[in-house]
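# Inside the fold
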Amino acid sequence: MSDPRYSVVGSGYSLDSKQRELIELVESLGPRLAERAERYDREASFPHENYADLRAAGLLGLCVPEKFGGRGADLRTYSIVSATLGKYCGATALTYNMHACSMLWPGALSDDLDMTPAQRAEHDRHRAIHYQRVIRDGAIYAQPFSEGSAAAAGRAPFGTTATRVGGGWSINGKKIFASLSGAAHYYGLLCTEAKPELSMRDTLYMAVPGNAPGLSIVGDWDPLGMRGTVSRTLLFKDVFVPDEAQMMPRGIYFQAASRWPHMFTTLSPTYMGIAIAAYEFTVRYLRGEVEGMPPVKRRMYPTKQVAVAEMWVKLEQTRSLFLRMLEDARVDPPKDARLRAYAAQFTIMENANDICGLAIRTCGGQSMLKSLPLERLYRDSRCGSLMLPWTAELCLDRIGREALYEPGESDD
Ligand SMILES: Cc1cc2nc3c(=O)[nH]c(=O)nc-3n(C[C@H](O)[C@H](O)[C@H](O)COP(=O)(O)OP(=O)(O)OC[C@H]3O[C@@H](n4cnc5c(N)ncnc54)[C@H](O)[C@@H]3O)c2cc1C
């Protein structure tokens, strides 16, 4: 284990042997990932070399159930691993979220959901195909859901449609902000079964091969932060996929979204990791211990000490809620756990950016030079609270509404 002050869970937190081993593994890869992060950010290029390392370490199969040859990580274990990655390279951690959750949702999460015996058998057949691609072939999966409409916020059906055709489905539509575009072997997209009236209940979760005829990647990618995610636009024109493209049986994604709310917290570990990295950098910088910098100490100034104290308080508040949220994660959580999940997501995303801002203010002008990681952490951290479906605004929106109304209640 690396220095426990900068570990994701802090010292004394109870971990099982698998979790300890996985954290050690990611910590051992971390310095190499961090070394490359500057280049991916400057070029806005995908972290291919980092993925080669993840593949070689067997981490592409992290959330693949053990019976399908993976490491069988649950949401809690995934989140701790993901946050550890986030300390070293935000873009790698964020894109890894898309891949790992493509394995987790059809895996451990789906096992908790109600399915008929026929659906369960079909799901086992289909997911075996997806898992084999990852375990045997090293495939990478993306999760392009966003469309620039109310759909990604969970408020309307997806406009991308799947029409039943002989032996499979024909997909038409458009996805924006598709992280891993051009790098993923499969795009696990959410779309709506084409019927006279589109319904969220008919959401389908389908994996489209990156080389499928009719799929094109368009637009440029030159954003403020998370530049290595390469989140461009995907167009689908009569793209045919066979039945086994389904990552979950018909109707099951809708059930998951209603009954397993913590499935939407999985972007936040990346930002928990970024917050820890910004704090660690600040301590090292003020102690004159940053590699490649003259050993100038700045820790003796009371204002610096107060700022570091403020960062630590914010970090501990954030980490506590993060770990509590992970304890809560389960199917059909009670209402207070659901509200706490929104609060945790809000806090992690907002505080990560606050902590990075404080870090720059405290370390000073030299710390925002591109030769040091802090300005990248700052820009990357800005992206967290913008990500649907649980943006900072929507978390507040949901807490306010769900705190004041019980399901089905209205003022009429
Ligand atoms: C670095 C990065 C990587 C990303 N990767 C992916 C990816 O891999 N897959 C993917 O699917 N998406 C991805 N996204 C997209 C992301 O999840 C959001 O969909 C996107 O940021 C929304 O941008 P927008 O301007 O279209 O938001 P809009 O839909 O215009 O929303 C703007 C804001 O309005 C609020 N809002 C939106 N809808 C509602 C509503 N119905 N009611 C009330 N308030 C609402 C929200 O707070 C939201 O932040 C990524 C985004 C970023 C920044």
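In short, a report on the structure. For every chain, the first residue of the written sequence is number 1, and numbering continues from 1 onward in sequence order. Under the rules for a predicted model, residues below a pLDDT of 70 receive no local features and side-chain atom pairs below 80 are neither given nor counted, while totals for whole chains, interfaces and linings still include all residues. The basis for the side-chain values is all heavy atoms of the structure; hydrogens and waters are excluded.

## Digging into helix H1 (residues 17-43)
Under the scheme used here, helices are H or I runs from DSSP no shorter than 4 residues and strands are E runs no shorter than 2 residues, and both carry numbers assigned from the N terminus. The span expected for a helix works out to 1.5 Å for each residue beyond the first. For H1, which comprises 27 residues, the first-to-last C-alpha distance of 38 Å matches the rise-based estimate of 39 Å (1.5 Å per residue) to within 8%. Throughout this description, buried means an accessible area under 20% of the type-specific maximum (1.4 Å probe, protein chains only), exposed means over 50%, and partly exposed covers the range between. Here H1 has its buried residues at Gln19, Leu22, Ile23, Val26, Glu27, Leu29, Gly30, Leu33, Arg36, Ala37, Tyr40 and Asp41. Throughout, a contact is declared for two residues whenever any of their heavy atoms are within 4.5 Å. Those residues of H1 that are buried are in contact with helix H2 (48-56), helix H3 (75-86) and helix H10 (374-382). Ala44, located one to two residues past H1, shows a positive phi value of around 50°.

## Structural notes on the side chain of Thr95
Structurally, Thr95 is set in helix H4 (residues 90-111). Note on Thr95: relative accessible area 0%, which makes it buried. Every residue in contact with Thr95, bar those within four places of it in the chain, is listed here: Phe46, Tyr51, Ser179, Leu180 and Thr229.

## So, the pairing of strand S4 (residues 186-193)
Of all eight residues in S4, eight are buried; the element is thus mostly enclosed. Here strand S1 (residues 141-142) pairs with S4 via two bridges, running parallel. Bridge pairing links Tyr141 to Tyr186 in S4. The pairing of strand S2 (residues 161-165) with S4 spans two bridges and is parallel. When the sheet's bridge partners are listed, Ala162 is paired in S4 with Glu193. Pairing between two strands requires that DSSP report at least two bridges joining them. Of the pairings in the sheet, the one linking S4 to strand S5 (residues 203-209) comprises seven bridges and is antiparallel in character. Bridged to Thr192 within S5 is Thr203.

## Thoughts on the site of the ligand
By nearness alone, 18 residues border the ligand, and Phe145, Ser146, Phe177, Thr391 and Glu393 come closest of all. Leu388 has a polar backbone atom sitting 3.0 Å from an oxygen atom of the ligand. In protein, a polar contact means a hydrogen-donor-capable atom and an acceptor-capable atom, both N or O and within 3.5 Å, with residues adjacent in sequence counting only if both atoms are side-chain atoms; elsewhere, any N or O pair within 3.5 Å suffices. Residue Thr391 places a side-chain N or O atom 2.7 Å away from an oxygen atom belonging to the ligand. Residue polarity is assigned by list, with Asp, Glu, Lys and Arg as charged and Ala, Val, Leu, Ile, Met, Phe, Trp, Tyr, Cys and Pro as nonpolar; anything else, Gly included, falls into the polar class. A per-class count over the shell around the ligand returns 10 nonpolar, six polar and two charged. We call a residue near a molecule or strand when any one of its heavy atoms sits within 4 Å of it.

## Digging into the layout of surface pockets
Detection works on a 1 Å grid of protein atoms alone, calling trapped sets that fit a 1.4 Å probe cavities and calling open sets with protein on both sides within 12 Å along at least five of seven lines pockets, with lining residues defined by an atom within 4 Å of a point. Grid points are joined across faces, edges and corners, and a volume is the space filled by probe spheres set on the points. What the second largest pocket holds in volume is close to 850 Å³. Residue lining of the second largest pocket: 23 residues in total, with Ala34, Tyr88, Phe281, Arg284 and Pro373 positioned closest to the centre. Listed by contribution, the elements that provide at least two residues to the lining of the second largest pocket are H1, helix H7 (268-286) and H10. Per-element tally for the lining of the second largest pocket: the top contributor is H1, with five residues.

## Some words on the nonpolar core
In this structure, Tyr96 and Trp105 are the most contacted members of the largest nonpolar core, which totals 129 residues. With near-sequence residues (within four places) excluded, Tyr96 lies in contact with Tyr51, Leu54, Leu59, Leu62, Tyr78, Val81 and Leu85. Residues belong to a common nonpolar core when they are buried Ala, Val, Leu, Ile, Met, Phe, Trp, Tyr or Cys residues joined through side-chain atoms within 4.5 Å.

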